[in-house]
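Fold and contact review
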Amino acid sequence: MLSNTLILPESDARLAVRLLADAIDDLDVVLMLIFGRDERAERIVHWADQLANKTKIGDTHNLRHVIWVRRDDSVLLGEKLAEIVGPGDLPSVAVLDFHDKLRHRIEPDAPVDPLTLELAFLEGHRR
Amino acid sequence: MSGLHLPSLSAALVCALAAQTGPHDVFRHVEFTTSRAERPERRERLAGELEIDSLLWIDWDEDALLQSVARRLGYPPTGDSQARRIATLQASCEAFLAADSELFAAKRAWLAWQRARLAPTTPAAELQALEQAHLAHQERFASQAASGIQKILSLENERRGAPPLAGFREQANEAVLTGSYEALHDLNSRALTAEIADVTAALEARLADAFRVELTMEVKLSGANGDQGPIYLPGYSRGRADAPEPYPRFELLVDERTRDELRAAGELGRVLERALDGSISADFRLLLDELSVALRAALDGLDTELLTTLEAVIADLGASGDATLQPLIRELRRVEDLVRTLLAFELPDELGASDIERILALADLLSGRFTALRSTLEALPALLETTSSALLDLLEDLPAELRGETLEILVERFTRLRNELAVSAPLRRLVGDVQALLRSLGYNARLREAAGDIESVARPVLGAIDLDTVLDIQTAHGRHPGDRVVLLVRVTASSRSTGEEIVLDDRQRSFRLAVYGFYVETRGALLFADARANLNGNQNYEPVPGLGVNLHYGFANQRFLNEVLDPGFGLSFALLDFDDVHDLELGVGLNLTLFQDLLWVGYGYNLQVDADYFYAGINPLVLGELLRK
């Protein structure tokens, strides 16, 4: 069960953009965006969700959030994502810091494991 | 005082010799090898001249001796796998300690953060700063722990013949995913402890098999007649001073490799001790203080509210008499008991680095109670849910006029209880934190034991070895200029396990005794006296015994004059037999000698017969010595 992950809706691009914007606007979190719907993406999401547990405080607050973007083919969502991670091909993983700045990218052809993801999260925590 | 190196005492040994001479303060180093010795390895090397009343200092280069002995015994040079293991172990240990320090700093920052969160008035900016400090320490800890574990893993892999970092990624991933950063720490600590134990065992085994090396030195005085008498050499002789016997020195217990390893082990032990008695202990003390305050802050909130609510709810539920509520009542009583116990628990005020065992005992106690509380707190919400239907059934059975009031009371109290339990979330995190700290304490205790083990091996053999000694030439009686002081050195090694003995070196070095300036020598000779007067019988060059008291002069740095020509001038006495009238005929003459009193010539007067005589002669002892050369 994913307890720290927001899965963006695939059928409603407008809702997906709004949820994404809300999540980014939360200044108290480091955000890890994971793109794709294949097995690799799913594995990364589970690892990231597990790693996000480490900063969970009580039942309500967590310094780490994960957003799983399963589809990015809508124009509306594509524009929003380009605004966040920059133009061009999307990475596998992108990490935003507390101030919504992009701090780390993992490209689709780069190997990913829990340690890589933890380091990516830590990049997000860096001031 | 002068000194010199004699590099060829033997190929293996390095011995520095210096002689403090008498009033002339001269030590002349004349080194040559006689070429007619029967066996090359027994060639006597004349190392130099010693003034006849001087002191001979014999200074050993113990390190060089150990190195040469190790080479002769066939030990591998420095840098073999065992030494590398220790070097890696040290590096890993340093990384471990750095990680340890960062972990404690991270924990302390985390506690500060939690305390600030419990205080409702803490500004948001301060909270964020505290959190950042915690994360920064945690990140540095992860980096150091990863570095340490890489090193320690490379040792394990080396033993298995695997690539140095094989398995690191998997272990690190597992640690990161399952047990947060402490798992890395656990892994490193376990491997480190195991490695220290392994190295200790290897050192012990090596010492058990080490060769016992003996060094023997003898000094003899070799006179002109070839006789050799022993001279007492402090530290290497026993028995009477005039009849000394050689006494072997056997402090050379270990070879160079083991010495290096033990030195490294000693350093490692010191590093580990620093972890236990130095700054990290201070961190522990601080941490314990802060932990106590944080616990108090967390529990204070529960003190008045939770206990009151718990008591009220337990009383209400008990009054209902419904058997289905008994499991919930039991759990609530358990929570109540544990909270009371924890509130009554006092962390001692005085705990130092030397109280590790006491801290660990407290840790066990705390850990057990926290674990019980945590499991109960985790089980309670589910229990509340499962018993809610029973509560509703109970309410159904109540009269209508009581139902509303009772329901209101129960809802209010359950709501409060749930809120109180929600407050306990930071407490639950504290529980985990305390347990992690206690584990760390446990590691340090184990590491201290391991360090102690290594040191217990190292201590008996690391004592300073001083093989130096001094020979007082004046203790050699009957010495003459030209005599030789012969120094014999013998190094043997015997295996402790098999008893086999190997002669590593067996050499000798000679010093010629010399006098500088005027000195008197009394020597005997065979004279051939030729009477200058016309006496009865044939008195031409008749052989007679003679005695000469000759004055010589030792020239500084004049080897030919001193050792070859060596002229002497003085008086000679001869027992003559020029006629048959006198029973005693004593001749006194002026004497001239050459070649260390080998050849004599002179002119004298027969006191009884009243006749002059000329003579020439030789000293057969000196001749014999020359022939022996």
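Residue positions are given per chain, counted from 1 along the sequence in the order it is written. Lettering of chains starts at A and numbering of ligands starts at 1, both following the order in which they are written. In view of the model being predicted, local features appear only for residues whose pLDDT reaches at least 70, and side-chain atom pairs are presented and counted only at 80 or more, with totals across whole chains, interfaces and linings using the full set of residues. In computing side-chain properties, one takes all heavy atoms of the structure into account and sets aside hydrogens as well as water.

Let's shift gears to the overall build of chain B. Strands are runs of DSSP state E lasting at least 2 residues, helices are runs of H or I lasting at least 4, and numbering of each runs from the N terminus. Counting its secondary structure elements, chain B contains 13 helices and 19 strands. Looking at chain B as a whole, 47% of its 629 residues qualify as buried. Here a residue-residue contact requires only that any non-hydrogen atoms of the pair lie within 4.5 Å. Within chain B, counting contacts between residues at least 6 apart in sequence, those at least 24 apart form 71% of the total. Areas reported as accessible are Shrake-Rupley estimates using a 1.4 Å probe. Residue values count occlusion only from the protein chains shown. Taken as a whole, chain B presents about 29,400 Å² of accessible surface, with 54% of it coming from carbon and sulfur. Classification of residues uses two cut-offs on accessible area relative to the type maximum, computed with a 1.4 Å probe and protein chains only: under 20% is buried, over 50% is exposed, and between them is partly exposed.

For A:D100, which is not a glycine, the phi torsion comes out positive at approximately 65°. Looking at where A:D100 falls in the secondary structure, it is placed in the loop between β6 (93-96) and β7 (102-106). Assessed through its relative accessible area of 28%, A:D100 is described here as partly exposed. Unusually for a residue other than glycine, B:Q596 sits at a positive phi of about 55°. With respect to the element layout, B:Q596 can be found in the loop between β17 (586-594) and β18 (599-606). On the accessibility criterion, B:Q596 (17% relative accessible area) is buried.

Residue and element names in this part refer to chain B. Read around the closed barrel, the 6 strands follow the order β14-β15-β16-β17-β18-β19; overall the barrel is antiparallel. Strand-to-strand twist in this sheet, taken as the mean axis angle between neighbours without regard to direction, amounts to 30°. Following DSSP output, two strands are said to pair if at least two bridges run between them. Examined bridge by bridge, strand β14 (residues 517-531) and strand β15 (residues 542-554) share 13 bridges and lie antiparallel to one another. Bridged to F528 within β15 is P543. Lines are fitted to the C-alpha atoms to define the axes, a helix being fitted only along its stretch in contact, and any angle between axes, read from their N-to-C directions, falls within 0 to 180 degrees.

Residue and element names in this part refer to chain B. The pLDDT value expresses, per residue, how confident the predictor is, ranging between 0 and 100. Here chain B shows a mean pLDDT of 68. Residues at 70 or above account for 45%. Per-element confidence in chain B ranges from a low mean pLDDT of 35 for strand β1 (residues 2-6) to a high of 95 for β17. Segment residues 1-43 is flagged for pLDDT under 50; beyond a separation of four residues in sequence, or across chains, it makes 115 contacts in the model. Within the model, the stretch residues 459-463 combines pLDDT values under 50 with 4 contacts to residues more than four positions away or in other chains. Prediction confidence for the complex, expressed as pTM and ipTM, is 0.43 and 0.72 respectively.

All right, on to the packing of aromatic side chains then. Here a ring pair, both rings aromatic, is described through the centre-centre distance and the interplanar angle of the planes. Residue and element names in this part refer to chain B. The aromatic pairing rule takes the rings of Phe, Tyr and Trp, using the six-membered ring of Trp, and pairs them if the centres are within 6.5 Å, calling planes under 30 degrees apart stacked, those over 60 edge-to-face and the rest tilted. Taken as a whole and judged by the stated rule, the model has 5 aromatic pairs over all chains. Note on F518 and Y553: the rings are 4.7 Å apart at their centroids and 70° apart in plane angle, and the pair reads as edge-to-face. With F518 in strand β14 and Y553 in strand β15, the pair connects residues that are 35 residues apart, well separated along the chain. A relative accessible area of 62% means that F518 is categorised as exposed. Where Y613 meets Y615, the ring centres are 6.0 Å apart and the plane angle is 40°; that geometry is what we call tilted. What makes Y613 buried here is its relative accessible area of 0%.

Let's shift gears to the sheet that holds β6(A). Pairing between the strands of a sheet comes from backbone hydrogen bonds, and it takes one of two forms, parallel or antiparallel. All names here are of chain A. Read across the open sheet, the 5 strands follow the order β1-β5-β2-β6-β7; overall the sheet is mixed. Single-partner strands in this sheet number two, and they are β1 (5-7) and β7. Strand after strand, the sheet turns through a mean of 20° between neighbouring axes, direction not considered. Of the strands in this sheet, β1, β2 (30-35), β5 (64-69) and β6 touch helix α1 (residues 13-25), which is tilted by about 150° from β2. Relative to the sheet, helix α4 (residues 114-125) contacts β2, β5, β6 and β7, its axis offset from that of β7 by approximately 165°.

To continue, consider the pattern of salt bridges. Residue and element names in this part refer to chain A. Should a side-chain nitrogen of Lys or Arg be within 4 Å of a carboxyl oxygen of Asp or Glu, the pair is scored as a salt bridge. Here the structure, examined in full by the defined rule, presents 11 salt bridges over all chains. Measuring nitrogen to oxygen at the nearest pair gives 2.6 Å for the salt bridge that ties R70 to E10. Of this pair, R70 sits in the loop between β5 and α3 (75-85) while E10 is found in the loop between β1 and α1, placing the two residues 60 residues apart along the sequence. K80 is the salt-bridge partner of E83, the closest N and O atoms lying 3.5 Å from each other. With E83 and K80 both in helix α3 and 3 residues apart, the pair spans about one turn of that helix. For E83, a relative accessible area of 59% gives the class exposed. One network of salt bridges, in which partners are shared, links E10, R37 and R70.

Right, let's talk about the side chain of B:S572 for a bit. Relative to the helices and strands, B:S572 resides in strand β16 (residues 568-575). Nitrogen and oxygen atoms within 3.5 Å of one another constitute a polar contact, given that in protein one can donate a hydrogen and the other can accept it, and given that sequence-neighbouring residues count only through two side-chain atoms. A polar contact of 2.7 Å, which involves the side chain of B:S572, links it to the side chain of B:Y615.

The next thing to look at is the packing of helix α2 (residues 39-52) of chain A against α4(A). When two helices pack together, their arrangement is given by the angle between the helix axes and the distance between those axes. Residue and element names in this part refer to chain A. The geometry of α2 relative to α4 is characterised by a closest axis approach of 10 Å and an angle of 55° between their N-to-C directions. Classed by the angle they form, the pair α2 and α4 counts as oblique. Seen from above, α2 lies across α4 with right-handed handedness. The segment α2 lies against α4, with I44, W47, A48, L51 and A52 engaging P114, L117, E118 and F121. In terms of residue class, the contact of α2 with α4 is built from 8 nonpolar, no polar and 1 charged. An angle counts as roughly parallel when it lies under 35 degrees, as roughly antiparallel when it exceeds 145, as roughly perpendicular when it falls between 65 and 115, and as oblique in every other case. For a crossing to be left-handed, the near helix must be turned anticlockwise from the far one by less than a right angle; the clockwise case is right-handed. As a working rule, the residues Ala, Val, Leu, Ile, Met, Phe, Trp, Tyr, Cys and Pro are called nonpolar, Asp, Glu, Lys and Arg charged, and the rest polar, with Gly in that last group.

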